[in-house]
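Next come the chains, spelled out residue by residue.
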Amino acid sequence: MSFALSFSVYGYRFHAGLDALIQSYHHANEAVLQREEAVKQSLVDYHAAVAHGEPRDGEWDDEGHTLWERDDLLTMDIETAEEAVYELRRAILIGIYHHWERAMRIVTGDYKGHHPDLIKKAPQHKIQISPDLVKVVRAANALKHNNDARGNEALLAWPDIFPSGFQPRTNADWYSAIRPSDAHIEQAINIVAASGPKVNP
C-alpha cells in the first residue's frame, strides 16, 4: 500500500519566514511599549515630586520665561515613544506583504509579477486567497507611496486603521494617518498566512 505524501517546500519556507517576522514584531512591540510606559511613569513621578515640594527641573531666562523644563521634555519623549509604536507597526505591515509577494512570485515562477498577476495565478498552485488580503495590500501601498490615490484606496479597503473621524484632503500625509493597532497587525498576519502557499496543500 502506498500513500501520497503532500509537502511543499514553498509553503514551509513561506510560513517559517512569516513566523520569524511575527516573532521579531512581538519582541520589538513589547520593547517599545515598555519604553512608552516607562517614560509616562517618569512624568507621573516628576509631577508627584514637584507637588511634594521638590524644585522644578529646567531652565528659565531672566524674566522668568521657561526655556525648557523636564515636564516638556518628558512629554516630547512620550510623543516620540507613541510614534515609535506606529512606525514599527507600519513597517511590519509592509514587511509581511512583501514576504507574501516574494513567496508568490517564487511559487508561480513570475518573478516580475504584480499583485493582480499573482492573485490570478494562485489557483493554479492550489493557493486560496483571503478576500481580506486587499486590506493588507492597500495599506502597504499607501505606506510605501504616500499619495492620494493609494491612500484613498487604503481608506476604502480598511478604514479601521485610520483615526476615528479621519477626513482625507488633497496631498494628505497618508503615511502618518495610518495608525494600526496591535489587533490590526494580528489581523494582517492571519490574512497573509491564510493567503500563501501551504505546507501540506
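Owing to the predicted nature of the structure, the values given are computational and were not obtained by experimental measurement. (Residues numbered from 1 in each chain as written. Predicted model: local features only at pLDDT ≥ 70, side-chain atom pairs only at ≥ 80, totals over all residues. Heavy atoms only, no water.)

1. Quick notes on helix α7 (residues 182-194)
Put simply, the test is: A helix here means a DSSP run of H or I that spans at least four residues, while a strand means a run of E at least two residues long, and both kinds are numbered starting from the N terminus. By definition here, a helix of n residues has an expected span of 1.5 Å times n minus one. Under the scheme applied here, a residue whose accessible area is under 20% of the maximum for its type counts as buried, over 50% as exposed, and between as partly exposed, the area being computed with a 1.4 Å probe on protein chains only. To obtain the arc, one takes the directions from the helix axis to the C-beta atoms. Only heavy atoms matter for contacts: two residues are in contact if any of them lie within 4.5 Å across the pair.
For α7, which comprises 13 residues, the first-to-last C-alpha distance of 19 Å matches the rise-based estimate of 18 Å (1.5 Å per residue) to within 8%. Buried within α7 are the following residues: His184, Ile185, Ala188, Ile189, Ile191 and Val192. Relative to the axis of α7, the buried residues are bounded by an arc of 165° and lie together on one face. The exposed set on the far side of α7, more than 90 degrees from its buried face, consists of Ala183 and Asn190. Of the surrounding secondary structure, the elements contacted by the buried residues of α7 are α1 (9-51), α2 (70-108) and α4 (133-145).

2. What to know about α4
With 13 residues, α4 should cover 18 Å at 1.5 Å per step; its first-to-last C-alpha distance of 18 Å lies within 8% of that length. Of the residues making up α4, those classed as buried are Leu133, Lys135, Val136, Val137, Ala139, Ala140, Asn141, Ala142 and Leu143. On its buried face, α4 sits against α2, α3 (115-121), α5 (148-157), α6 (174-177) and α7. Residue Asn146 follows α4 closely and has a positive phi angle near 50°.

3. Digging into the pairing of strand β2 (residues 66-69)
Sheet faces and side chains relate simply in a regular strand, where the side chains alternate between the two faces. Our working definition: One bridge is not enough; two strands pair if DSSP finds at least two bridges between them.
Relative to β2, strand β1 (residues 58-60) runs antiparallel, the two being bridged by three bridges. Paired with Glu59 across the strands is Trp68, a residue of β2. In this antiparallel pair of consecutive strands, β1 and β2, the connection spans five residues, and Gly64 shows a positive phi of 90°.

4. What to know about the packing of α4 against α7
Basically, it comes down to this: With axes taken as lines fitted to C-alpha atoms, and helix axes fitted only over the stretch in contact, angles between N-to-C directions fall between 0 and 180 degrees. In this scheme the crossing of two helices becomes right-handed for a clockwise turn of the near helix relative to the far one and left-handed for an anticlockwise turn of less than a right angle. Amino acids are sorted into nonpolar (Ala, Val, Leu, Ile, Met, Phe, Trp, Tyr, Cys and Pro), charged (Asp, Glu, Lys and Arg) and polar (every other residue, Gly among them).
At a closest axis distance of 9 Å, the pairing of α4 and α7 adopts a crossing angle of 115°. The way α4 lies across α7 gives a crossing that is left-handed. Between α4 and α7, the contacting residues are Leu133, Lys135 and Val136 on the first element and Gln187, Ala188, Ile191 and Val192 on the second. Along the lines of polarity and charge, the residues of the contact of α4 with α7 split into five nonpolar, one polar and one charged.

5. Some words on the packing of α1 against α2
Geometrically, a packed helix pair is captured by the angle between its two axes and the distance between the axes. The condition is simple: In this scheme, roughly parallel covers angles under 35 degrees and roughly antiparallel covers those over 145, while 65 to 115 is roughly perpendicular and the rest are oblique.
Direction vectors running N to C along α1 and α2 enclose 175°, while the axes themselves pass 9 Å from each other. In terms of orientation, α1 lies roughly antiparallel with respect to α2. A per-class count over the contact of α1 with α2 returns 22 nonpolar, seven polar and nine charged.

6. Here we look at the packing of aromatic side chains
Ring pairs (aromatic) are described by centroid distance and by the angle formed between their planes. Keep this limit in mind: The aromatic pairing rule takes the rings of Phe, Tyr and Trp, using the six-membered ring of Trp, and pairs them if the centres are within 6.5 Å, calling planes under 30 degrees apart stacked, those over 60 edge-to-face and the rest tilted. For a ring to carry a charge above it, either NZ of a lysine or CZ of an arginine must fall within 6 Å of the ring centroid while also lying within 35 degrees of the normal to the ring plane.
Under the defined criterion, the tally for this structure stands at five aromatic pairs. Relative to Trp100, the ring of Tyr97 has its centre 5.7 Å away and its plane inclined at 25°; by these criteria the two rings are stacked. Separated by three residues within a single helix, Tyr97 and Trp100 lie in helix α2, roughly one turn from each other. One aromatic cluster is present, formed by Phe162, Phe166 and Trp174 through successive ring pairs. Over the ring of Tyr86 we find Arg89; its NZ or CZ atom is 6.0 Å from the centre of that ring.

7. Thoughts on unusual backbone geometry
Positioned with a positive phi, Asn146 is a non-glycine residue whose angle comes to about 50°. The topology assignment puts Asn146 in the loop between α4 and α5. By relative accessible area, Asn146 is classed as partly exposed at 31%. Of note, Asn171 is a non-glycine position whose phi angle comes to about 60°, a positive value. Positionally, Asn171 belongs in the loop between α5 and α6. Look at Asn171 and you get exposed, because its relative accessible area is 63%.

8. Looking at the nonpolar core
Here is the rule we go by: To qualify as a nonpolar core, a set must consist of buried Ala, Val, Leu, Ile, Met, Phe, Trp, Tyr and Cys residues joined through side-chain atoms within 4.5 Å.
In terms of nonpolar packing, the biggest core is built from 38 residues, with Leu93, Ile96, Trp100, Val136, Phe162 and Val192 touching the most fellow members. Taken together, the elements giving at least two residues each to this core come down to α1, α2, α4, α5, α6 and α7. Per-element tally for this core: the top contributor is α2, with 10 residues. The contacts of Val136, once residues within four sequence positions are left out, are Leu93, Tyr97, Trp158, Ala188, Ile191 and Val192. Core analysis: the second largest hydrophobic core is formed by five residues, Val39, Leu43, Tyr46 and Leu74 among them.

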